[in-house]
Amino acid sequence: MHQAYGGVVPELASRDHIRRLLPLTDLALKQAGVRLDQVDAIAYTRGPGLAGALLVGAGVASALGMALGKPLIGVHHLEGHLLSPLLSKQPPAFPFLALLVSGGHTMLLDVQAFGQYALLGETVDDAAGEAFDKSAKLLGLGYPGGPELARLAAFGNPAAFDLPRPKMHSPDLDFSFAGLKTAVLTRVRGLGSNLCEQARADLAAAAQEAITDVLVHKTARAQQATKRRSVVVAGGVGANRQLREKLAATLSARGVALFFPELEWCTDNGAMIALAGALRLQAHPEAARAAGPFDVLPRWDLTQIGAA
């Protein structure tokens, strides 16, 4: 649906959510072998994200909760990603360091326990996922661009182009990827009609190398600062094979355990929201509320979940 536009169109996304959500709910219950009246509570994504799409989920959740007399749990989207490795066959134990990398967010968090998250660093402009997608778009690749760029990069030479690694050696643990996107744009324009297939592959490889270099370097520094013996990587960009290989090579040498969720739990999924909702209901029963008037939080600080 969104390929023709090279990115998500909020209005189209919201309309498609309305069309698909109830049939998908029926299918999920059927596959789980559970009746709707058997659930204990209904978890939904309260934020952050596109307001229209969030309102669809919140509206359906509230309607179901009111009809069934079940409580609602509003879940932070990023907390879902952060806890998604707990869905794995070999889940990490608290505490751990987390690198959360998705299309809209890049951050390092010290996860002390469930609900106790200290922000160590985050992107000051574009997220890593945006850098992948925007670089892919500049190279004429399809949407979503991250996986397409990674596939093309496999045929390229990353040393063919010298791209910047913004904030890689800054004293803080923040990230910046807007300058890298601009550098890719400059190279594409400079090549003009000489942007052959091999040059595109080389530039894709160079962009991927630069993005993953920064992510690995900052994560290694955060691990050194916190002394955490477990590192979790969550979010859609966590599916990138080069990122996984580089982190494994860097952190395994230090005797640090590295945890990646299975690929199906890296991108947005309902299981991670259900898990976060269940854990919150278990730890803070008072967080559940009766169905009724609802709101969404398009902007929601992960470290302020309890205050919302």
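Conventions used here
- Sequence positions are assigned chain by chain, starting from 1 and proceeding in written order.
- Totals for whole chains, interfaces and linings use every residue, but because this is a predicted model, local features are given only for residues with pLDDT of at least 70 and side-chain atom pairs only at 80 or more, for both listing and counting.
- For side-chain calculations, the full set of non-hydrogen atoms in the structure is used, while hydrogens and water are omitted.
- A pair of strands counts as paired when DSSP detects no fewer than two bridges linking them.
- In this description a helix means any DSSP run of H or I spanning at least four residues, a strand means any run of E spanning at least two, and both kinds are numbered starting from the N terminus.
- Here an axis means a line fitted to C-alpha atoms, over the contact stretch when the element is a helix, while the angle between two N-to-C directions is reported on a 0 to 180 degree scale.
- Residue contacts are counted whenever heavy atoms from the two residues lie within 4.5 Å of one another.
- Accessible area is worked out with a 1.4 Å probe on protein chains only. A residue is then buried under 20% of its type maximum, exposed over 50%, and partly exposed in between.
- UniProt positions are given in the numbering used here, feature names are shortened, and annotations may be inferred rather than shown by experiment.
- Whenever a nitrogen or oxygen atom comes within 3.5 Å of another N or O atom, the pair is scored as a polar contact, on the condition that within protein one atom can donate a hydrogen and the other can accept it, and that pairs from neighbouring residues in sequence are kept only if both atoms are in side chains.

### Description of the sheet that holds strand β3 (residues 96-101)
Reading across from one edge, β5-β4-β3-β6-β7 is the order of the five strands in this open sheet, with mixed pairing throughout. Each having just a single partner strand, β5 (116-122) and β7 (257-259) make up the two edges of the open sheet. The mean angle between the axes of side-by-side strands here comes to 25°, regardless of whether they run parallel or antiparallel. In this structure, strand β6 (residues 230-234) lies alongside β7, joined through three bridges in parallel fashion. Paired with Ser-230 across the strands is Ala-257, a residue of β7. Of the strands in this sheet, β3, β4 (106-113), β5 and β6 are in contact with helix α7 (residues 197-226), which crosses β3 at around 160°. Its contacts with the sheet place helix α8 (residues 241-252) against β3, β6 and β7, and it is angled at close to 165° to β7.

### Describing the pairing of β3
For β3, the buried fraction is high: six of the six residues fall into the buried class. Of the strand pairs in this sheet, β3 and β4 are connected by six bridges, and their pairing is antiparallel. Its bridge partner lying in β4, Leu-100 is registered against Met-107. In this antiparallel pair of consecutive strands, β3 and β4, the connection spans four residues.

### Re the UniProt feature "binding site: substrate" (unreviewed entry) in the chain
Under the local residue numbering, the UniProt record ascribes the feature "binding site: substrate" (unreviewed entry) to Leu-100, Val-101, Ser-102, Gly-103, Gly-104, Asp-133, Gly-146 and Asn-240. For Asp-133, the position within the fold is in helix α4 (residues 128-138). On the accessibility criterion, Asp-133 (28% relative accessible area) is partly exposed. Residues within four places of Asp-133 in sequence aside, it is in contact with Pro-144, Gly-145 and Gly-146. Within the fold, Asn-240 resides in the loop between β6 and α8. Of the polar contacts made by the side chain of Asn-240, one reaches the side chain of Gln-208; its length is 2.9 Å.

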